[in-house]
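Here is how the chains run, residue by residue.
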Amino acid sequence: MAANAQAMCTSFKKDILNGLHAFGTTVIRAGTTADSFYAALFLVNSSLGAATTAYSSSGEVSGSGYTAGGIAVTNATAPSNSSTVAIWTPSASLNFGTVTLSSAFDTCLLYNNTASGKNSVATLTFGSQTVTAGNFTLTMPANTAGNALIQIS
Amino acid sequence: MSQITITRDGVNLEKAEESTLRKRIIIDDDDNELTTVVEYRDYGNDRIIHRSVHMSLKKLPTAEASAAEL
């Protein structure tokens, strides 16, 4: 027998990731293409976290082979639903190739590089690292509920 | 035979034959991440001339959306 259930619509969660709803004032978008997202690395003595609203070069790593602002995130897979969870994961590893980063860093900021405000998406923290004439690679998880990089459950 | 990118002054890059270097692999598996570090040093010198880090994160940010009960 059919019955109604109170729920946050699964499609709405995905729509949030696709920017289809604006409960507050929003921006005029230049087109319908996906935004460009970037990943930047930050030093251990920075203060990034849930309160971080936008990319800033303050506290960002610097060194040979690293460009301020970080690297473009490969985004070949649109947000989708997995069960009742909206998910999105970069479609390739984040690879900072052949860099020398002598000062310890422990955070990667994912942010929207298309937005004029460089709005932040997520901060990813890990054990303190340095790199010498090498690569720093963050392997992306499976793009499934419970594993995806960005999830709205 | 494999050529490894190294730096001996922290700025300029050069290539060195892997067999001429001392290699160390560090694997760290904890609750937050799985990390593999590959380091190279010259024999007889403890200074790191190459260090690469490959990491898989285990704990990821999740936003929970829920409708209020009426």
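Residues numbered from 1 in each chain as written. Chains lettered and ligands numbered in written order. Predicted model: local features only at pLDDT ≥ 70, side-chain atom pairs only at ≥ 80, totals over all residues.

Trainee: Describe the overall build of chain B, with residues and values.
Mentor: Assigned secondary structure in chain B consists of 0 helices and 6 strands. Start at the N end of chain B and walk to the C end: the helices and strands fall as β-β-β-β-β-β. For a compact globule of 70 residues, the expected C-alpha radius of gyration is about 11 Å, and chain B comes in at 20 Å, more than 25% above that figure. Overall, the C-alpha framework of chain B stretches about 70 × 25 × 25 Å when taken along its three principal axes. The proportion of buried residues among the 70 residues of chain B is 14%. Across chain B, contacts joining residues at least 24 apart in sequence account for 24% of those joining residues at least 6 apart. (Helix = DSSP H or I, 4+ residues; strand = E, 2+ residues; numbered from the N terminus. Rg over C-alpha atoms; globule rule 2.2 N^0.38 Å. Buried ≥ 20, exposed ≤ 12 C-beta atoms within 10 Å, placed from the backbone. Contact = placed C-beta atoms within 7 Å.)

Trainee: Can you explain the nonpolar core? Please cite residues and give values.
Mentor: In this structure, Ala39, Leu41, Phe42, Cys108, Leu109 and Leu110 of chain A are the most contacted members of the largest nonpolar core, which totals 36 residues. Going through the elements one at a time, strand 1 (37–43), strand 4 (85–88), strand 5 (94–112), strand 6 (120–139) and strand 7 (150–152) of chain A together with strand 5 (48–57) of chain B are the ones with two or more residues in this core. For this core, the element with the most residues is strand 5 of chain A, which contributes 9 residues. In this structure Leu110 of chain A touches Phe37, Ala39, Val73, Val121, Ala122 and Leu124 of chain A, once residues within four positions along its chain are discounted. If you look at the next biggest cluster of nonpolar residues, it comprises 5 residues, including Ala133 of chain A together with Ile4, Ile6 and Ile49 of chain B. (Core = buried A, V, L, I, M, F, W, Y, C linked by C-beta atoms within 7 Å.)

Trainee: Describe in detail the environment of Ala2 of chain A, supporting the description with residues and values.
Mentor: All names here are of chain A. Looking at the element boundaries, Ala2 is found in the segment before helix 1 (10–17). On the neighbour-count criterion, Ala2 (3 C-beta atoms within 10 Å) is exposed. It is 39 Å that separates the C-alpha atoms of Ala2 and Ala122, two residues lying 120 residues apart in sequence.

Trainee: Mind laying out the sheet that holds strand 3 (residues 80–82) of chain A, listing which residues take part and the relevant values?
Mentor: Strand order in the open sheet made by the 4 strands is 3(A)-4(A)-7(A)-6(B), with mixed pairing throughout. This sheet does not close on itself; its edge strands, each paired only once, are strand 3 of chain A together with strand 6 (62–63) of chain B. Relative to strand 6 of chain B, strand 7 of chain A runs parallel, the two being bridged by 2 bridges. In the strand pairing of strand 6 of chain B, Gln151 of chain A is matched with Thr62 of chain B. Against the sheet, helix 1 of chain A makes contact with strand 3, strand 4 and strand 7 of chain A, and its axis sits at roughly 25° relative to strand 4 of chain A, the strand it touches most. (Pairing = 2+ DSSP bridges. Axes fitted to C-alpha atoms, helices over the stretch in contact; angles between N-to-C directions.)

Trainee: I'd love a proper account of the interface of chain B and chain A, names of residues and values included.
Mentor: If you look at the interface, chain B gives 29 residues, while chain A gives 28 residues. Counting only elements with at least two residues in the side of chain B that touches chain A, the list comes to strand 1 (3–6), strand 4 (33–42), strand 5 and strand 6 of chain B. With 10 residues, the single largest contributor to the side of chain B that touches chain A is strand 5 of chain B. Among the residues making up the side of chain B that touches chain A, the classes are represented as 13 nonpolar, 11 polar and 5 charged. (Nonpolar A, V, L, I, M, F, W, Y, C, P; charged D, E, K, R; others polar.)

Trainee: Tell me what's going on with the pairing of strand 1 of chain A, and back it up with residues and numbers.
Mentor: Walk down a regular strand and you will see the side chains alternate between the two sheet faces. Residues and elements named next belong to chain A. Counting buried residues along strand 1, 5 of its 7 residues qualify, which places the element largely inside the surrounding structure. As judged from the 7 bridges shared by strand 1 and strand 5, these two strands associate in the antiparallel manner. Along strand 5, the bridge assignment pairs Ala40 with Leu109. Sheet analysis places strand 1 next to strand 2 (residues 71–72), joined by 2 bridges and oriented antiparallel. Each bridged residue has a counterpart across the sheet, and for Ala39 the counterpart in strand 2 is Ile71.

Trainee: Break down unusual backbone geometry for me, citing the residues and quoting the values.
Mentor: Residues and elements named next belong to chain A. Positive phi, normally seen in glycine, also occurs at Thr98, with a value near 45°. For Thr98, a count of 17 C-beta atoms within 10 Å corresponds to the partly exposed category. Despite not being glycine, Lys118 shows a phi value in the positive range, around 50°. Its location among the elements puts Lys118 in the loop between strand 5 and strand 6.

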